[in-house]
Amino acid sequence: MAITLLPQTIRDSYEVHEWRHACSILHSDFPNEWAEAVDVISRFRLQRTMIEAAGGGLSPISNWFNTEFLAYGWVETSFDTQIVVDNLPRVTPTHSVDCFKNRVALEIEWNNKDPFFDRDLNNFRLLFELDVISLGIIITRCDALQGIFNTLGKGKSYGASTTHMSKLLPKVNGGGAGGCPVLVFGISPTLYVDNVPANPNP
């Protein structure tokens, strides 16, 4: 499978899935974006302080990825799209993409409600059909992280109806992205780092 194009360190640290040859397309047709995505994804570590951060607003995980991709010129992007039928324009609204560069769209879904996956995949489908993007990437979390969340007393913050891999796979396999190639990375427990210093005076 083309997933073997990814460095072994990524394949060991993430749960990776692809549809419609997304990995080969990214590697062959977009070598710069491939190298940048590989670099950012390779450097990520899931720190305990990120998980324990207070809720509200953008999560530290999403913020980390957004910041690192922005440094490479991947920017949040909205598209003004419409379809013309018999000379009559019909607005086809799309949602903004978290990170976009050179026909590659990337979304980070750490802990949103799972309908956000439907939104992302439908967005990929429409933008692909309009020849705006060539593939979509989603970064989310593996189900196996739940054990870590429970140990840290944060399990209730990461409920079964939020964005994680077992919620995403049926949606993609069911054709949620249409003909758009999709590449998915699931953050696994291998990336977890307990970066909270021990209490010197227990």
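Not measured: the values here are computed from a predicted model. (Residues numbered from 1 in each chain as written. Predicted model: local features only at pLDDT ≥ 70, side-chain atom pairs only at ≥ 80, totals over all residues. Heavy atoms only, no water.)

Chemist: Help me understand the pairing of strand β7 (residues 104–108), please; the structure alone is not making it clear to me.
Modeler: Walk down a regular strand and you will see the side chains alternate between the two sheet faces. In terms of residue burial, β7 counts as a mostly covered element, since 5 of its 5 residues are buried. Taking every second residue as pointing to the same face, both faces of β7 are buried, with Val104, Leu106 and Ile108 on one and Ala105 and Glu107 on the other. The hairpin formed by strand β6 (residues 97–101) and β7 contains 2 residues between the paired strands, and Asn102 there has a positive phi angle of roughly 50°. Relative to strand β8 (residues 135–141), β7 is paired through 5 bridges, and the arrangement is parallel. Paired with Leu106 across the two strands is Ile137, which belongs to β8. Following the chain from β7 across helix α6 (residues 115–129) to the adjacent parallel β8, one finds a crossover that is right-handed. (Buried < 20%, exposed > 50% of the residue type's maximum accessible area, 1.4 Å probe, protein only. Helix = DSSP H or I, 4+ residues; strand = E, 2+ residues; numbered from the N terminus. Pairing = 2+ DSSP bridges. Right-handed = clockwise from strand over helix to strand, strands pointing away.)

Chemist: Would you mind showing me how to read α6 here?
Modeler: In an α-helix, one full turn covers 3.6 residues, which means residues spaced three or four apart are oriented alike. For α6, built from 15 residues, the straight-helix expectation of 21 Å at 1.5 Å per residue is met to within 8% by its first-to-last C-alpha distance of 21 Å. Within the span of α6, buried status applies to Phe117, Asp120, Leu121, Asn123, Phe124, Leu126 and Leu127. Buried residues along α6 sit against β6, β7, β8, α8 (165–173) and β9 (182–187). Directly after α6, the chain includes Asp131, whose backbone phi takes a positive value near 60°. (Expected span 1.5 Å × (residues − 1). Contact = heavy atoms within 4.5 Å.)

Chemist: Would you mind going over the packing of helix α3 (residues 31–43) against helix α5 (residues 60–71) with me for this structure?
Modeler: Axes are the key here: two packed helices are described by the angle between their axes and the distance separating the axes. Their axes nearest at 10 Å, the elements α3 and α5 cross at an angle of 145°. The hand of the α3/α5 crossing is right-handed. Two secondary-structure elements touch here, α3 through Ala37, Val40, Ile41 and Arg43 and α5 through Trp64, Phe65, Glu68 and Phe69. A breakdown of the residues in the contact of α3 with α5 according to their chemical character gives 6 nonpolar, no polar and 2 charged. (Axes fitted to C-alpha atoms, helices over the stretch in contact; angles between N-to-C directions. Left-handed = near helix turned anticlockwise from the far one by under 90°. Nonpolar A, V, L, I, M, F, W, Y, C, P; charged D, E, K, R; others polar.)

Chemist: Help me understand the packing of α6 against α8, please; the structure alone is not making it clear to me.
Modeler: It is at 10 Å that the axes of α6 and α8 come closest, and there the two elements cross at 35°. Crossing hand, α6 versus α8: right-handed. Of the residues in α8, those touching α6 at Phe117, Asp118 and Leu121 are Lys167, Leu168, Lys171 and Val172.

Chemist: For this particular structure, what's the right way to read the nonpolar core?
Modeler: In terms of nonpolar packing, the biggest core is built from 41 residues, with Leu6, Tyr14, Phe44, Phe65, Phe69, Phe185 and Ile187 touching the most fellow members. Take this core: its biggest share by element is 5 residues, from α3. Not counting residues up to four positions away in its chain, the partners in contact with Phe65 are Tyr14, Val40, Ile41, Phe44, Ile108, Ile139 and Ile187. One finds Phe79, Leu169, Val182 and Val184 within the second-largest nonpolar core, a separate group that totals 19 residues. (Core = buried A, V, L, I, M, F, W, Y, C linked by side-chain atoms within 4.5 Å.)

Chemist: Can you walk me through the pattern of salt bridges in this structure?
Modeler: Should the charged atoms of two oppositely charged side chains come close, the side chains can pair. Summed over the entire model, instances satisfying the criterion amount to 12 salt bridges. The salt bridge involving Glu52 is made with Arg48; its shortest N-O contact spans 3.1 Å. One end of the pair, Glu52, and the other, Arg48, are both in helix α4 (residues 48–52), 4 residues apart, so they sit about a helical turn from each other. Its relative accessible area of 22% is what places Arg48 among the partly exposed residues. Counted as one network, the salt bridges with shared partners bring together Glu107, Glu109, Arg119 and Asp120. (Salt bridge = Lys/Arg side-chain N within 4 Å of Asp/Glu carboxyl O.)

Chemist: Teacher, can you tell me more about the layout of surface pockets here?
Modeler: To find leftover empty space, one rolls a probe the size of a water molecule over the atoms. Reported here for the largest pocket is a volume of approximately 600 Å³. Along the walls of the largest pocket sit 30 residues, with Gly57, Leu58, Ser59, Ser62 and Asn112 positioned nearest its centre. Mapped by element, the contributors of at least two residues to the lining of the largest pocket are α4, α5, β6 and α6. Among the elements that line the lining of the largest pocket, the one with the most residues is α5, at 5 residues. Considering only residue class, the lining of the largest pocket consists of 14 nonpolar, 11 polar and 5 charged. (1 Å grid on protein atoms, 1.4 Å probe; cavity = no way out; pocket = protein on both sides within 12 Å on 5 of 7 lines; lining within 4 Å. Points joined across faces, edges and corners; volume = space filled by probe spheres on them.)

Chemist: How should the side chain of Thr162 be read in this particular structure?
Modeler: Turning to its location among the elements, Thr162 is positioned in the loop between α7 (146–151) and α8. By relative accessible area, Thr162 is classed as buried at 6%. Polar contacts involving the side chain of Thr162 include one to the side chain of Asn111, which spans 3.2 Å. Among the polar contacts listed, one links the side chain of Thr162 to the backbone oxygen of Gly159, at a separation of 2.6 Å. (Polar contact = N/O pair within 3.5 Å; in protein donor to acceptor, adjacent residues only side chain to side chain.)

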